[in-house]
Amino acid sequence: PVHLGAMQSAVRFQVEYWNSEGREGIKEGDVFVANHPQLAGGSHLPDITVITPVFHQGNILFFVASRGHHSDIGGISPGSMPPHSTTLEEE
């Protein structure tokens, strides 16, 4: 449930971010991959979200999104999320 509950926030963040001033907008063929738990609607770093806009006649109809939990994404020790981490980068 936590993965599904945060999914709309993840999609919303990407739409707002890429359509904001100074960005190119969302184009056909784009695929977004994110795992930032504070900015991109994730729950924690090992949850990697892939978001793909689906276009029809040049317009976005909907988004397809999936999230997978990965056991190790790097950090200061194997397995991700060591208990002595003090920053997001150390996780």
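Refer to the preceding data block for the structure.
Computed from a prediction, not measured in an experiment: that's the story for all the values here.

Engineer: Requested: an account of the packing of aromatic side chains, with residues and values cited.
Structural biologist: Scanning the model with the defined rule gives three aromatic pairs in all. Look at Tyr 17 and Trp 18: their rings are 4.9 Å apart centre to centre, the planes differ by 85 degrees, and that puts the pair in the edge-to-face class. Every member of this aromatic cluster is reached through a ring pair, and the members are Phe 13, Tyr 17, Trp 18 and Phe 32. It is Arg 23 that lies over the ring of Trp 18; its NZ or CZ is 6.0 Å from the centre.

Engineer: So what's going on with a nonpolar patch on the surface? Which residues, and what values?
Structural biologist: Together, Val 31, Val 33 and Val 50 line one region of the surface with nonpolar side chains, adding up to about 240 Å² of accessible area. Summarising the element assignment, Val 33 is placed in strand S1 (residues 32–34).

Engineer: Please provide a residue-by-residue account of the sheet that holds strand S2 (residues 47–56), values included.
Structural biologist: On the basis of which strands lie adjacent, the open sheet formed by three strands has the order S1-S2-S3 and antiparallel pairing. Lying at the two open borders of the sheet, with one neighbouring strand each, are S1 and strand S3 (59–69). Ignoring which end each strand starts from, the neighbouring axes of this sheet average 20 degrees apart. Relative to S3, S2 is paired through ten bridges, and the arrangement is antiparallel.

Engineer: Explain the environment of His 69 to me, and be specific about the residues and the numbers.
Structural biologist: Following the sequence through the fold, His 69 ends up in strand S3. Residue His 69 is classed as partly exposed on the basis of its relative accessible area of 48%. Residues His 69 and His 44, 25 residues apart in the sequence, show an inter-C-alpha distance of 9.2 Å. Beyond its immediate chain neighbours, meaning those up to four positions away, His 69 contacts His 44, Pro 46 and Asp 47.

Criteria and thresholds
- In this numbering scheme, every chain counts its residues from 1 along its sequence in written order.
- Per-residue local features are limited, in this predicted model, to residues with pLDDT of at least 70; the limit for side-chain atom pairs, both in listing and counting, is 80 or more; totals at the level of whole chains, interfaces and linings are taken over all residues.
- Only hydrogens and water are set aside; all other atoms, that is, all heavy atoms of the structure, feed into the side-chain values.
- Aromatic rings from Phe, Tyr and Trp, taking only the six-membered ring of Trp, are treated as a pair when their centres fall within 6.5 Å; an angle between ring planes under 30 degrees marks them as stacked, one over 60 as edge-to-face, and anything in between as tilted.
- Criterion for a charge above a ring: Lys NZ or Arg CZ within 6 Å of the ring centre, and within 35 degrees of the ring normal.
- Nonpolar side chains (Val, Leu, Ile, Met, Phe, Trp, Tyr) are joined into patches within 5 Å and like charges within 9 Å, using only residues with over 30% relative accessible area and no salt bridge.
- Surface exposure here means Shrake-Rupley accessible area, sampled with a 1.4 Å probe, where a residue is shielded only by the protein chains that are shown.
- The rule for a salt bridge is simple: a side-chain nitrogen of Lys or Arg has to be within 4 Å of a carboxyl oxygen of Asp or Glu.
- We count a stretch as a helix when DSSP gives it H or I for four or more residues in a row; a strand needs E for two or more, and each element gets its number in order from the N terminus.
- Following DSSP output, two strands are said to pair if at least two bridges run between them.
- The angle between two axes is taken between their N-to-C directions and runs from 0 to 180 degrees, where each axis is a line fitted to C-alpha atoms and a helix contributes only its stretch in contact.
- For the exposure calls, accessible area comes from a 1.4 Å probe over protein chains only, and a residue counts as buried if that area is under 20% of its type's maximum, exposed if over 50%, partly exposed in between.
- Any two residues whose heavy atoms approach within 4.5 Å are treated as being in contact.

The values are spatial; any link to function lies outside them.
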